[in-house]
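Survey of secondary and tertiary structure
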Amino acid sequence: MTATVSNFYYGAATPVAAYLMACLGAALGLRCTTRSLRRPHRRARWLALGAVSIGCGIWTMHFIAMIGFSVQGALVSYDSTKTLFSLAVAVIVVAIGVFLVGYRGGSPVNLGLAGTITGLGVAAMHYLGMAAIHTDGGLHYDVWTVALSVAIAVAAATAALWAAVSIHGLWSSLAASLVMGVAVTGMHYTGMAAVSVHLTGHSVVEQSSTDLLSFLLFMLAGPLAVLLVAAVIVMFDPDLMLGDDQPAPVPYGPGADFPAQRPTESSRPYTSW
């Protein structure tokens, strides 16, 4: 028996909240990569914070959206180990992509490699999260819709990494984060459109909204706290408070972090490192 599946159990509340979380993670990640440009001696720290912000933003988007997932006639629950493992996957694969472009630059080949790795990882995070679902039946997927969701994930990841190395103005970064939020959330709901549930039992119980909501909010508490801390760090960074659109001074001479450069080069747009 094929059950009726809904991704909007709470109406527009979950997709809107999920989208905002995706935008927040993207915005923080972009600001962190900008900080890494201006603080080359702390590049690894800023890139790591950016990767954690984007990864937590994507994962939080996914599981806020999953609050709205319901199967008519069956209870839905989640395996906590697989759920947390999907969070680790999200952070790790985003870190790989961010560090690749952070240290090797934004050439088309490098962006393609980093975007593919990160996009496949984001898709893996999504379907690992789906594998954590326990319900009175089996989940089945339409292969072509799954393939489309993976393609969207790769395209979104590549666009995000391109933005990280190409867009550094505050307002431009915020605009880019809104577009990236659309892409990441679109990937999620495309993946969810591939899902069908075939019930194996005879339960007629509707979604256990209180228990499920409590569990998901508990799981979301950690990543949300990380995003809050990252937001505080970025917001109170001296560059941002003083106006981060001003070109940062570039070190010169034998004691600098980079080889000696002509002073005029410091005013050029940063497209790679």
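Scroll up a little and you will see the structure.
Residues numbered from 1 in each chain as written. Predicted model: local features only at pLDDT ≥ 70, side-chain atom pairs only at ≥ 80, totals over all residues. Heavy atoms only, no water.

One can find Thr118 in helix α4 (residues 108–131). A residue is classified by how much of its surface remains accessible, and Thr118, at 5% relative accessible area, is buried. One polar contact links the side chain of Thr118 to the main-chain carbonyl oxygen of Ala114, over a distance of 2.8 Å. (Helix = DSSP H or I, 4+ residues; strand = E, 2+ residues; numbered from the N terminus. Buried < 20%, exposed > 50% of the residue type's maximum accessible area, 1.4 Å probe, protein only. Polar contact = N/O pair within 3.5 Å; in protein donor to acceptor, adjacent residues only side chain to side chain.)

This brings us to the packing of aromatic side chains. Aromatic ring pairs: the centre-centre distance and the angle between the two ring planes describe each pair. What the rule picks out here adds up to six aromatic pairs. With 5.0 Å between their ring centres and 80 degrees between their planes, Tyr9 and Tyr10 make a pair best called edge-to-face. The exposure class of Tyr9 is partly exposed, given its relative accessible area of 33%. Residue Tyr10 is classed as partly exposed on the basis of its relative accessible area of 33%. Between Phe99 and Tyr103, the aromatic rings sit 6.0 Å apart at their centres with planes inclined by 15 degrees, giving stacked as the arrangement. Placement of both Phe99 and Tyr103 in helix α3 (residues 80–104) is noted, with a separation of four residues, approximately one turn of the helix. What links up through ring pairs into an aromatic cluster is the set Trp59, Phe63 and Tyr78. Cation over ring: Arg43 sits above Tyr103, and NZ or CZ is 5.5 Å from the ring centre. (Phe/Tyr/Trp six-rings, centres within 6.5 Å; stacked < 30°, edge-to-face > 60°. Lys NZ or Arg CZ within 6 Å of the ring centre and 35° of its normal.)

Residues Ile92, Ile96, Leu113 and Ile117 make up a contiguous nonpolar surface patch of about 320 Å² in total accessible area. Broken down by secondary-structure element, the contributors of at least two residues to the nonpolar patch are α3 and α4. With relative accessibility at 42%, the residue Leu113 sits in the partly exposed group. (Patch = residues over 30% accessible without salt bridge, like charges linked within 9 Å, V, L, I, M, F, W, Y side chains within 5 Å. Areas by Shrake-Rupley, 256 points an atom, 1.4 Å probe, with all protein chains shown as cover. Salt bridge = Lys/Arg side-chain N within 4 Å of Asp/Glu carboxyl O.)

Structurally, the α-helix is built with 3.6 residues per turn, so residues lying three or four positions apart point the same way. For helix α5 (residues 143–166), which comprises 24 residues, the first-to-last C-alpha distance of 34 Å matches the rise-based estimate of 34 Å (1.5 Å per residue) to within 8%. The set of residues buried in α5 consists of Thr145, Val146, Ser149, Ala153, Val154, Ala156, Ala157, Ala160, Leu161, Ala163, Ala164 and Val165. Residues of α5 that are buried make contact with α1 (13–38), α3, α4, β5 (137–141) and α6 (170–193). (Expected span 1.5 Å × (residues − 1). Contact = heavy atoms within 4.5 Å.)

This brings us to the nonpolar core. Counting 60 residues, the largest nonpolar core has Ile58, Trp59, Met66, Phe69, Val71 and Tyr78 as the members making the most contacts within it. Sorting elements by how many residues they give to this core places helix α2 (residues 43–67) first, with 14 residues. If you look at the next biggest cluster of nonpolar residues, it comprises eight residues, including Ala26, Leu30, Ala163 and Ala176. (Core = buried A, V, L, I, M, F, W, Y, C linked by side-chain atoms within 4.5 Å.)

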